[in-house]
Amino acid sequence: MTASTKRMPPGPKGLPLFGLALTIRKDALGTLRRVAREYGDIVRLPVMLQERIFLNHPDFIEQVLVIQQSKFHKSDLTKIIVGPLLGQGLLVSEGEFWRRQRRLAQPAFHRSRIQEYGATMIESVERHIRDWRDSERRDLASEMMALTLDVAVRTLFGTSLPAEAQQVGQSMTFLMRYQLGRQRSPVRLPESWPTPRNRRATREREFLDSLVYRMIDEHRSQAAENHRSDLLSLLLGAMDEDGSQMTPQQLRDETMTLFIAGHETTAQMLAWTWYLLGENSTAETRLHEELDGVLGGRAPEASDFPRLPYLRAVMNEVLRLYPPAYITARTSIAPCSIGGYDFPAGSTMLMSQWVMHRDARFYEDPDTFRPERWLEELEDRLPAGAYFPFGDGPRRCIGQGFALLEAALVIGTIAQRFQFRLVPGHPVVPEPLITLRPRNGIQMTLHARS
Ligand code: HEM
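### A few points about the overall build of the protein
- Along the backbone of the protein there are 19 helices and 12 strands.
- The globule rule puts the C-alpha radius of gyration for 450 residues at 22 Å, and the 22 Å found for the protein is close to it.
- Overall size of the protein, expressed as C-alpha extent along the three principal axes, is 65 × 55 × 45 Å.
- Going through the 450 residues of the protein one by one, you find that 55% of them count as buried.
- Put simply, 74% of the contacts in the protein that link residues at least 6 apart link residues at least 24 apart.
- Accessible area of the protein: about 20000 Å², with a carbon and sulfur share of 53%.
- Treating the 56 positive side-chain charges of the protein as one cloud and the 54 negative ones as another, the clouds have centres 6 Å apart.

Now the structure itself:
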């Protein structure tokens, strides 16, 4: 045994068994930042009956996500929280099965293919804001959810959105709160017990299932008539080497994963963008000047992006301050050493984008929205692991290019027509569910730009 195996990272001590769990339940984001400040770069976190290792240094995050990635799997937390809805889809699966599915889906996310989605994205935005009027109030969080859902279904699945899809946002909010509530609760009744919440969770999952199966069916019937090359066609046509196709369950899991992951996070990013621009008029004006100068009122295209550096800086800064994926977890499948400590297989590591992206060692004035910082080659100066809104290593987000294209086209189109101001007194509170959501939505007043 080496000297380091005897040492344990520091951590909160002497808490009653559920003490930290209760603090996390009340204010998870604040607790994570406080713990990082008090205990440092590597912290032992006793939560309920289990212990997690919380990593607050870019080098340690890089060790887990990239350098020693083969010693880690997605964590038991990920599986418990998103597994019931997403099954064995790309976000959760492991090993050879994951590798095969990722290879299969990858062509739909190639740069050239993604750029083909641009026109459909712009069409969706135009249709979505057709009815927006000067001076009206809207919840930008649900508006962005409806918009990104429409974009995902049209581009990735080549079908249109069923009418009931407006309820997807509500369903997801309920399921996220339900699943996290169960995970954080000291008393966990079996899901099969017919409590009102368990029954509602079953109904919401059945609803989402029915949408996904309907899209698959509709796609199949249309695909018979014309040759298609969208993501769903790739999945439907996928064959194993022995000639067998993906089972209906596998197809359902992948489609559900891309359906949910393909719109939910981008919607949060866009909602936080309108909020931050509304609260920071200097940044908003600078963005307007850039867009007006380069585009002059026309819709943006991917080829415009090199001439829109401030737009990119705004997007980077939104993802820094309000990262939709605000925490990432891994469980070790082999012994590993991180930061001079040895950990056995089965150790769960937590890495938080929320905490790391607001660390004053790497970001000056870390809580301030200042897109300009990205124009000063910040990206080149940051150590790997200090900024990871899309994760890192082999499990990095497959949809990063898709999300950034969509966000740039949506912001570039809408910001030329409207600006938004928060309805006075509306409380904006980040709620750390599976993604970082505004708890009460983002109620804003629309102002048409002349
Ligand atoms: C702003 C938008 C987005 C953010 C912030 C985001 C963030 C992330 C992060 C942090 C991961 C890695 C999770 C981990 O390491 O445990 C991830 C994985 C993933 N994302 Fe995204 N994502 C976004 C948009 C999208 C879009 C548009 C799609 C699909 C069209 C997508 C599909 C996926 C999938 C399938 C995975 C799992 C990849 C794998 O493990 O192979 N995401 N995302």
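Let's pick the thread back up.
### A closer look at the coordination of the iron atom of the ligand
- Protein coordination of the iron atom of the ligand is limited to a single donor, C397 (SG), which sits 2.3 Å from the metal.
- Summarising the element assignment, C397 is placed in the loop between helix 18 (378-381) and helix 19 (400-417).

### Considering the side chain of H426
- In this fold, H426 is placed in the loop between strand 9 (418-422) and strand 10 (430-432).
- One polar contact links the side chain of H426 to the main-chain carbonyl oxygen of G441, over a distance of 2.9 Å.
- Among the polar contacts made by the side chain of H426, one reaches the main-chain amide nitrogen of Q443 at a distance of 3.3 Å.

### Let's talk about the environment of Q249
- Within the secondary structure, Q249 is located in helix 13 (residues 248-261).
- The sequence separation of Q249 and G89 amounts to 160 residues, and the corresponding C-alpha distance is 9.7 Å.

### Thoughts on helix 19
- Between the first and last C-alpha of helix 19 there are 26 Å, a value that for 18 residues agrees with the 26 Å anticipated at 1.5 Å per step.
- Of all 18 residues making up helix 19, 15 are buried, and the element is well covered by its neighbours.

### Quick word on the packing of helix 8 (residues 118-129) against helix 19
- Orientation of helix 8 relative to helix 19, taken along the N-to-C sense of each, is 40 degrees, at an axis distance of 10 Å. In terms of their interaxial angle, helix 8 and helix 19 are classed as oblique. Judged by the sense of rotation from one axis to the other, the crossing of helix 8 with helix 19 is right-handed. Each of G118, M121, I122, V125, E126 and I129 in helix 8 lies in contact with helix 19, whose residues at this interface are F402, L405, E406, L409, V410, T413, I414 and R417.

### Concerning the site of the ligand
- Within the structure, the ligand sits among 26 residues, and W98, R102, R330, R395 and C397 are positioned closest to it.
- Those elements that provide at least two residues to the shell around the ligand are helix 6 (95-105), helix 13, helix 14 (264-279), strand 5 (328-332) and helix 19.
- Partitioned by chemical class, the residues of the shell around the ligand number 16 nonpolar, six polar and four charged.

### Side note on the pattern of salt bridges
- Scanning the model with the defined rule gives 31 salt bridges in all.
- For the salt bridge of R417 with E126, the shortest nitrogen-to-oxygen distance reads 2.8 Å. In this pair, R417 is assigned in helix 19 and E126 in helix 8, connecting sequence segments 291 residues apart.
- Owing to a relative accessible area of 31%, R417 belongs among the partly exposed residues under this scheme.
- By relative accessible area, E126 is classed as partly exposed at 29%.

### Notes on the packing of aromatic side chains
- Under the criterion given, the structure shown has 12 aromatic pairs.
- For the pair Y341 and F343, a centre-to-centre distance of 6.5 Å together with 45 degrees between the ring planes defines the contact as tilted. We note that Y341, like F343, is buried.
- Judged by centre distance (6.4 Å) and plane angle (25 degrees), the ring pair of F418 and F420 falls under stacked. For the residue pair F418 and F420, the accessibility class agrees, reading buried in each case.
- Its end group placed over the ring of Y363, R320 keeps NZ or CZ at 5.1 Å from the ring centre.
- It is R358 that lies over the ring of W354; its NZ or CZ is 4.1 Å from the centre.

### What about the pairing of strand 5?
- Judged by how many residues are buried, strand 5 sits mostly within the fold: five of five residues are covered.
- By the alternation rule, side chains of strand 5 split into T328, R330 and S332 and A329 and T331, which are all buried.
- Pairing analysis gives three bridges linking strand 3 (residues 72-74) to strand 5, with the strands arranged antiparallel. When the sheet's bridge partners are listed, F72 is paired in strand 5 with S332.
- Bridge count for strand 5 against strand 8 (residues 348-351) is four bridges, and the pairing is antiparallel. Along strand 8, the bridge assignment pairs T328 with M351.

### Things to note about the sheet that holds strand 4 (residues 137-139)
- Strand order across the open sheet formed by three strands is 4-12-9, with antiparallel pairing between neighbours. Two strands bound the open sheet, and with one partner strand each, they are strand 4 and strand 9. This sheet shows a mean twist of 40 degrees between the axes of neighbouring strands, independent of strand direction.
- Bridge count for strand 9 against strand 12 (residues 443-448) is five bridges, and the pairing is antiparallel. The residue bridging L422 from the neighbouring strand is M444, located in strand 12.
- Across the sheet, helix 14 lies against strand 9 and strand 12, angled at about 80 degrees from strand 9, the strand it touches most.

Definitions and limits used
- Residues numbered from 1 in each chain as written.
- Predicted model: local features only at pLDDT ≥ 70, side-chain atom pairs only at ≥ 80, totals over all residues.
- Heavy atoms only, no water.
- Helix = DSSP H or I, 4+ residues; strand = E, 2+ residues; numbered from the N terminus.
- Rg over C-alpha atoms; globule rule 2.2 N^0.38 Å.
- Buried < 20%, exposed > 50% of the residue type's maximum accessible area, 1.4 Å probe, protein only.
- Contact = heavy atoms within 4.5 Å.
- Areas by Shrake-Rupley, 256 points an atom, 1.4 Å probe, with all protein chains shown as cover.
- Lys, Arg positive; Asp, Glu negative; His and termini not counted.
- Charge placed at Lys NZ, Arg CZ, Asp CG, Glu CD.
- Donors = N, O, S within 2.8 Å, 3.2 Å for Na, K, Ca; no water.
- Polar contact = N/O pair within 3.5 Å; in protein donor to acceptor, adjacent residues only side chain to side chain.
- Expected span 1.5 Å × (residues − 1).
- Axes fitted to C-alpha atoms, helices over the stretch in contact; angles between N-to-C directions.
- Parallel < 35°, antiparallel > 145°, perpendicular 65-115°, else oblique.
- Left-handed = near helix turned anticlockwise from the far one by under 90°.
- Near = heavy atom within 4 Å.
- Nonpolar A, V, L, I, M, F, W, Y, C, P; charged D, E, K, R; others polar.
- Salt bridge = Lys/Arg side-chain N within 4 Å of Asp/Glu carboxyl O.
- Phe/Tyr/Trp six-rings, centres within 6.5 Å; stacked < 30°, edge-to-face > 60°.
- Lys NZ or Arg CZ within 6 Å of the ring centre and 35° of its normal.
- Pairing = 2+ DSSP bridges.

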